[in-house]
Structure formats: structure tokens, C-alpha cells
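# Geometric and topological summary
Listed below, chain by chain, are the residues.
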Amino acid sequence: MTTSDPYRLDGFPGSTDPARRDAPREGITRDRFVRTALWLVLVISTVGNMVASYSAASTGVHLVCGGVTAVCVTALVVRHLRGRR
């Protein structure tokens, strides 16, 4: 790539700009990983509950999916409120 390239993306990890080559890169933190995992489990449990509603699933499936959903929502709200302090 040349410096006159109008589509060049400077300042991103992996860019070929020598001034940015030694700059520290932002990695994924534990906090971001946990938040992403909670959202992923929340979506999966909600979809599982919806699928169980439309199929002939037992009450146990609904209770498990609902419980997991409630735990994820509670954890996300608590993490959000603690982060505001």
C-alpha cells in the first residue's frame, strides 16, 4: 500500500504505519469477555425458551431456560450498576 492510498486505514491494529507499530494494542479484558459471555448465554437461553414454547417441551425446559435468563439479566444489571460507581 502506498501513502497516497485513499482507502488506507491508519491507527488500527495491524496497520503498516511505522509510527503506530510500537503502540500498545488493546486486548480483550476479562470484564469485556464476561459481559460478552453473559449476553451470549442470555440470547441463547431466551431463544431456547421461545423454541420450547412453540414445541411440545416439558415445563422443566421452560424453567431451566427461564432461570438461566433471569440469572444472566441479574448479573448484567448488577455489573452495570457497580460500574457506574
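None of these values were measured; they are calculated from a predicted model.

About the thresholds
- Residues numbered from 1 in each chain as written.
- Predicted model: local features only at pLDDT ≥ 70, side-chain atom pairs only at ≥ 80, totals over all residues.
- Heavy atoms only, no water.
- Helix = DSSP H or I, 4+ residues; strand = E, 2+ residues; numbered from the N terminus.
- Buried < 20%, exposed > 50% of the residue type's maximum accessible area, 1.4 Å probe, protein only.
- Contact = heavy atoms within 4.5 Å.
- Areas by Shrake-Rupley, 256 points an atom, 1.4 Å probe, with all protein chains shown as cover.
- Axes fitted to C-alpha atoms, helices over the stretch in contact; angles between N-to-C directions.
- Parallel < 35°, antiparallel > 145°, perpendicular 65-115°, else oblique.
- Left-handed = near helix turned anticlockwise from the far one by under 90°.
- Expected span 1.5 Å × (residues − 1).
- Salt bridge = Lys/Arg side-chain N within 4 Å of Asp/Glu carboxyl O.
- Patch = residues over 30% accessible without salt bridge, like charges linked within 9 Å, V, L, I, M, F, W, Y side chains within 5 Å.

### Digging into the overall build of the protein chain
For the protein chain, the count of helices and strands is two helices and zero strands. Sorting the 85 residues of the protein chain into buried and exposed places 12% on the buried side. If you take every contact in the protein chain between residues at least 6 apart in sequence, the share linking residues at least 24 apart comes to 46%. For the protein chain, the exposed surface amounts to about 7,200 Å²; the carbon and sulfur share of it is 63%.

### A short note on the side chain of threonine 69
As for its placement among the helices and strands, threonine 69 is situated in helix 2 (residues 59-83). Not counting chain neighbours up to four residues away, the residues in contact with threonine 69 comprise Leu42, Ser45 and Thr46.

### Considerations on the packing of helix 1 (residues 30-54) against helix 2
The N-to-C vectors of helix 1 and helix 2 enclose an angle of 150 degrees; their axes lie 8 Å apart at closest approach. Comparing the axis directions of helix 1 and helix 2 gives the class roughly antiparallel. Here the hand of the crossing between helix 1 and helix 2 comes out left-handed.

### What about helix 2?
Taking 1.5 Å of rise per residue, the 25 residues of helix 2 would be expected to cover 36 Å, and the 36 Å separating its terminal C-alpha atoms lies within 8% of that figure. Among the residues making up helix 2, those that are buried are Cys65, Thr69, Cys72 and Leu76. In this structure, the buried side of helix 2 is in contact with helix 1.

### Section: the pattern of salt bridges
Counting across every chain of the model gives one salt bridge. Between arginine 79 and aspartate 31 there is a salt bridge, with its nearest N and O atoms 2.2 Å apart. One end of the pair, arginine 79, is in helix 2; the other, aspartate 31, is in helix 1, with 48 residues separating them in the sequence.

### A few points about a nonpolar patch on the surface
A contiguous nonpolar surface patch, about 550 Å² in accessible area, is contributed by Val43, Val47, Met50, Val51 and Tyr54. With respect to the helices, strands and loops of the structure, valine 43 is situated in helix 1.

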